[in-house]
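Remarks on the overall topology
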2 protein chains.
Amino acid sequence: MVMNESQLDQIFGALSDATRRGMLAQLALGEANISALAAPYDISQPAASKHLRVLERAGLIHRRREGRDHYIGVNPAAVERAQNWIAYYSQFWKQQFDAVDDFLKKRKGE
Amino acid sequence: MVMNESQLDQIFGALSDATRRGMLAQLALGEANISALAAPYDISQPAASKHLRVLERAGLIHRRREGRDHYIGVNPAAVERAQNWIAYYSQFWKQQFDAVDDFLKKRKGE
DNA sequence: TTCATTCATAACCATATGGTTATCTATTTT
DNA sequence: AAAATAGATAACCATATGGTTATGAATGAA
């Protein structure tokens, strides 16, 4: 579980906003340019630009320029870091939760 | 994938700080009181108290009072929400990533 | 009863975040 | 060449975040 802590800060921080999560969700359908990603939200163009910079800084997306369009795609590896952190600890959390649960069930059965 | 968006905001937001992630990691060993959770960090007692309130508001932990001690434990269900969000979309992200990867490998083989 | 410990709360400070409008560059379209 | 489109950047604003010190309440130990 060796991992750059500050990058995890940025990854989770980037995921903590519904607009950015929505953009990532949209990118599950494939690459999109910034206008397309901004369209579903009632925000200004610079606001969308800022959100994408946050996602980019966290390493969650990459950007490919084609003329005046910037095409955005997801970096699954970065998302996986967050997923791994949660998965690693949730083993232990669930385990100890289940232990308490078992104890309560057994006591109820007496 | 119906899920309270603002709670996801809070869950991911709570996970975006290394101190709070450290506290959750420590809780993998079992319940602990606030002093024990604060001990590894060079922060004041009120700072630790604030971090725990953030985790609590996100539903990631629960608190049980015993005399002057507040014992903290993890709520695995809340963590699972974050995990599920990532797991759901990462299918698609990886899938499209693999498709590009295959394409590049095939082209290289020509 | 007095002292120590655990924790919460209030007030404050610096910085980050999420939004805006205005303006600029670069590229495409007409 | 002129107009439209895609984006970036700067300057600004309100609020949130993460930290501090000071203080108070409640419980436990001497």
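Above this text you will find the structure in question.
The following refers to the structure shown. Within any chain, residue numbers begin from 1 and follow the written order of that chain's sequence. Lettering for chains starts from A, numbering for ligands starts from 1, and both go in the order in which the items are written. Residue-level local features of this predicted model are given only where pLDDT is at least 70; pairs of side-chain atoms are given and counted only at 80 or more, and the full residue set underlies all totals for whole chains, interfaces and linings. Side-chain measures were taken over the full set of non-hydrogen atoms in the model, leaving aside hydrogen atoms and water.

Section: helix α4 (residues 45-57) of chain A
All names here are of chain A. Helix and strand assignments follow DSSP, with helices taken as H or I runs no shorter than four residues and strands as E runs no shorter than two, numbered in order from the N terminus. By this rule the span expected of a helix is its residue count minus one, scaled by 1.5 Å. For α4, built from 13 residues, the straight-helix expectation of 18 Å at 1.5 Å per residue is met to within 8% by its first-to-last C-alpha distance of 18 Å. Each residue is placed in one exposure class: buried if its accessible area under a 1.4 Å probe, protein chains only, is under 20% of its type's maximum, exposed if it is over 50%, and partly exposed if it falls in between. Along α4, the residues that are buried comprise A48, H51, L52 and L55. Seen along its axis, α4 keeps its buried residues to an arc of 95°; they face one direction. Turned more than 90 degrees from where α4 packs its buried face, K50, R53 and R57 sit exposed. Within this analysis, the arc is defined by the directions that extend from the helix axis to the C-beta atoms.

Considerations on the pairing of strand β3 (residues 69-74) of chain B
Residue and element names in this part refer to chain B. Any two strands with at least two DSSP bridges between them are considered paired. Pairing between strand β1 (residues 32-33) and β3: two bridges, direction antiparallel. Each residue of the ladder has a partner; that of N33, found in β3, is Y71. When strand β2 (residues 61-66) meets β3, the two strands line up antiparallel, connected through six bridges. Across the sheet, residue I61 finds its bridge partner in β3, namely V74. The hairpin formed by β2 and β3 contains two residues between the paired strands, and G67 there has a positive phi angle of roughly 65°.

Details of the protein's contact with DNA strand C
DNA strand C sits among 22 residues. The nearest are A:S44, A:K50, A:H51, B:S35 and B:R63. Here, DNA strand C places atoms within 4 Å of the protein, and 59% of those atoms are sugar or phosphate. Sorting the residues of the surface near DNA strand C by element identifies α4 of chain A together with α3 (34-38), α4 (45-57) and β3 of chain B as the ones contributing at least two each. Counting residues per element, the surface near DNA strand C draws most heavily on α4(A), at four residues. When residues are grouped by polarity, Ala, Val, Leu, Ile, Met, Phe, Trp, Tyr, Cys and Pro land in nonpolar, Asp, Glu, Lys and Arg in charged, and all others, Gly among them, in polar. Across the surface near DNA strand C, the residue classes break down as five nonpolar, eight polar and nine charged. The cutoff for a nearby residue is simple: one of its non-hydrogen atoms must lie within 4 Å of the molecule or strand.

Brief notes about the packing of helix α2 (residues 18-26) of chain B against α4(B)
All names here are of chain B. Axes, fitted as lines to C-alpha atoms, cover a helix only where it is in contact. Angles between the N-to-C directions of the axes lie from 0 to 180 degrees. One can describe the packing of α2 onto α4 by two numbers: an axis separation of 10 Å at closest approach and a directional angle of 75°. In terms of orientation, α2 and α4 fall into the roughly perpendicular class. Taking contact as the criterion, the partners of T19, R20, M23 and L24 in α2 are, on α4, A48, H51, L52, V54 and L55. Considering only residue class, the contact of α2 with α4 consists of six nonpolar, two polar and one charged. In what follows, roughly perpendicular refers to angles from 65 to 115 degrees, roughly parallel to angles under 35, roughly antiparallel to angles over 145, and oblique to any angle outside these ranges. Should any heavy atoms of two residues lie within 4.5 Å, those residues are considered in contact.

Side note on the interface of chain A and chain B
Contacts between the two partners involve 32 residues from chain A and, on the opposite side, 32 residues from chain B. Here the buried area means the combined drop in accessible surface, using a 1.4 Å probe, for two parts upon being joined, counting both sides. Taking both partners together, chain A and chain B bury about 2800 Å²; carbon and sulfur atoms supply 68% of that area. A pairing counts as a salt bridge when a side-chain nitrogen of Lys or Arg comes within 4 Å of a carboxyl oxygen of Asp or Glu. Our count for the chain A to chain B interface comes out at four salt bridges. A:K94 is the partner of B:E80 in a salt bridge, and the nearest nitrogen-oxygen pair spans 3.6 Å. Polar contacts, as counted here, are pairs of nitrogen or oxygen atoms within 3.5 Å of one another; within protein the pair requires one atom able to donate a hydrogen and one able to accept it, and residues that are adjacent in sequence qualify only if both atoms are side-chain atoms. For the interface between chain A and chain B, the tally reads six residue pairs in polar contact (both at pLDDT 80 or more).

Topic: the sheet that holds strand β2 (residues 61-66) of chain A
With antiparallel pairing, three strands are arranged side by side in an open sheet as β1-β3-β2 (chain A). Since the sheet does not close on itself, it has two edges, and those belong to β1 (32-33) and β2 of chain A, each with one partner.

Comments concerning the relation of the copies chain A and chain B
In superposing the copies, a least-squares fit is computed on C-alpha atoms, taking residues whose pLDDT is at least 70 in both. With an axial shift of 0.0 Å and an RMSD of 0.0 Å, the rotation relating chain A to chain B amounts to 180°. In symmetry terms, the pair is related by a two-fold rotation axis. An overlap of 100% is found between the interface residues of chain A and their copies at the interface of chain B, pointing to a shared contact surface.

Section: the protein's contact with DNA strand D
Taken together, the neighbourhood of DNA strand D is formed by 22 residues, with A:S35, A:S49, A:R63, B:K50 and B:H51 sitting nearest. Backbone atoms, meaning sugar plus phosphate, form 61% of the atoms of DNA strand D positioned within 4 Å of the protein. Note that a phosphate oxygen of DNA strand D is positioned 2.3 Å from one of the side-chain N or O atoms of A:R63. Within the backbone of A:H70, one N or O atom sits 3.1 Å away from a phosphate oxygen of DNA strand D.

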